[in-house]
Amino acid sequence: MRQILAALASRLLEVLYAGRWVGPLVLRLGFGYFWLETGIAKVHNLDGFTQRFVGWGIPFPVFSATMSAWTDLLGGLLLMLGLFTRLICVPMIVNMLVAIALVVSASLSGLDDYVETNEVLYILIFFWLLVAGPGKASLDTLVVRWLGVRAQA
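Remember, it's a predicted structure, so these values are computed and weren't measured experimentally.

1. A closer look at the packing of helix H2 (residues 22-44) against helix H7 (residues 118-132)
Between H2 and H7, the least distance of the axes is 12 Å, while the angle of their chain directions is 135°. Taken together, the axes of H2 and H7 lie oblique to each other. Both H2 and H7 take part in a crossing whose hand is left-handed. Where H2 approaches H7, its residues Pro-24, Leu-27, Arg-28, Phe-31, Phe-34 and Trp-35 are matched on the opposing element by Tyr-122, Ile-125, Phe-126, Trp-128 and Leu-129. A breakdown of the residues in the contact of H2 with H7 according to their chemical character gives ten nonpolar, no polar and one charged.

2. A closer look at the layout of surface pockets
Space inside the second largest pocket adds up to approximately 560 Å³. If you trace the second largest pocket, you find 26 residues lining it, with Phe-53, Ser-68, Asn-95, Met-96 and Ala-99 closest to the centre. Tallied by class, the residues present in the lining of the second largest pocket amount to 17 nonpolar, five polar and four charged.

3. So, the nonpolar core
Counting 16 residues, the largest nonpolar core has Phe-31, Trp-35, Leu-79, Met-96, Tyr-122 and Phe-126 as its most contacted members. Ranked by residue count, the leading element in this core is helix H5 (residues 85-102), at six residues. Once residues within four sequence positions are removed from consideration, Leu-79 is found in contact with Arg-28, Phe-31, Gly-32, Thr-85, Ile-88, Cys-89, Phe-126 and Leu-129. Core analysis: the second largest hydrophobic core is formed by five residues, Phe-49, Phe-53, Ala-65 and Ala-69 among them.

4. Points about the environment of Pro-24
By the element assignment, Pro-24 lies in helix H2. Along the backbone, Pro-24 and Trp-128 are 104 residues apart, and their C-alpha atoms lie at a distance of 9.9 Å. Residues in contact with Pro-24, not counting those within four places in the same chain, are Trp-128, Pro-134 and Gly-135.

Calculation notes
Here the residue numbering is sequential within each chain, running from 1 through the sequence in written order. At least 70 in pLDDT is required for a residue's local features to be given in this predicted model, at least 80 for side-chain atom pairs to be given and counted, and no such filter applies to totals for whole chains, interfaces and linings, which use all residues. Hydrogens are left out, water is left out, and the side-chain values use all remaining heavy atoms of the structure. Axis angles are defined between N-to-C directions and span 0 to 180 degrees, where every axis is a line fitted to C-alpha atoms and, for a helix, only to the segment in contact. Helix numbering and strand numbering both begin at the N terminus, where a helix is a DSSP run of H or I of at least 4 residues and a strand a DSSP run of E of at least 2. Here roughly perpendicular refers to angles of 65 to 115 degrees, roughly parallel to angles under 35, roughly antiparallel to angles over 145, and oblique to all remaining angles. Each helix crossing is assigned a hand: it is left-handed if the near helix lies turned anticlockwise from the far helix by less than a right angle, otherwise right-handed if that turn is clockwise. Any two residues whose heavy atoms approach within 4.5 Å at even a single point are treated as in contact. Amino acids are sorted into nonpolar (Ala, Val, Leu, Ile, Met, Phe, Trp, Tyr, Cys and Pro), charged (Asp, Glu, Lys and Arg) and polar (every other residue, Gly among them). Cavities and pockets are defined on a 1 Å grid built over the protein atoms alone: a cavity is a set of grid points where a 1.4 Å probe fits but cannot escape, while a pocket is an open set with protein on both sides within 12 Å along at least five of seven lines, and lining residues are those with an atom within 4 Å of any such point. Grid points are joined across faces, edges and corners, and a volume is the space filled by probe spheres set on the points. In these notes, a set of buried Ala, Val, Leu, Ile, Met, Phe, Trp, Tyr and Cys residues joined through side-chain atoms within 4.5 Å is what counts as a nonpolar core. Accessibility here uses a 1.4 Å probe with only protein chains present; expressed as a share of the type maximum, an area under 20% marks a residue as buried, one over 50% as exposed, and anything in between as partly exposed.

Here's what the structure looks like:
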């Protein structure tokens, strides 16, 4: 019985290992679409979004709102494509850190409150993409192959 279970577990792990490229692809497509959609909404209503920045007391509200909106839109698109994935994660993380520092933290009182914010979750996902990369099913992978860049497997 033990050998049967071990063989079954080994086969299941082989199947999961062979499909390991699916996880980053699904994450990028879903998470990227979320940011693309959010960015489109902000760009289409930039005046309203800017007024929110004014209300929050964010410096240079027109510039800041425009940069934030376009970062979300372009960042979401690039994540979905898997193009410049690691690079785009940096401004996306900065966007979330600014949101936490200037908007969200006003209503938070302790570490538990911070950990439970959406922005912290977003930062963790962006950080994972920054470190792990976009996966095999991405334009980044095609560009690396085309350039002949040798990367560690």
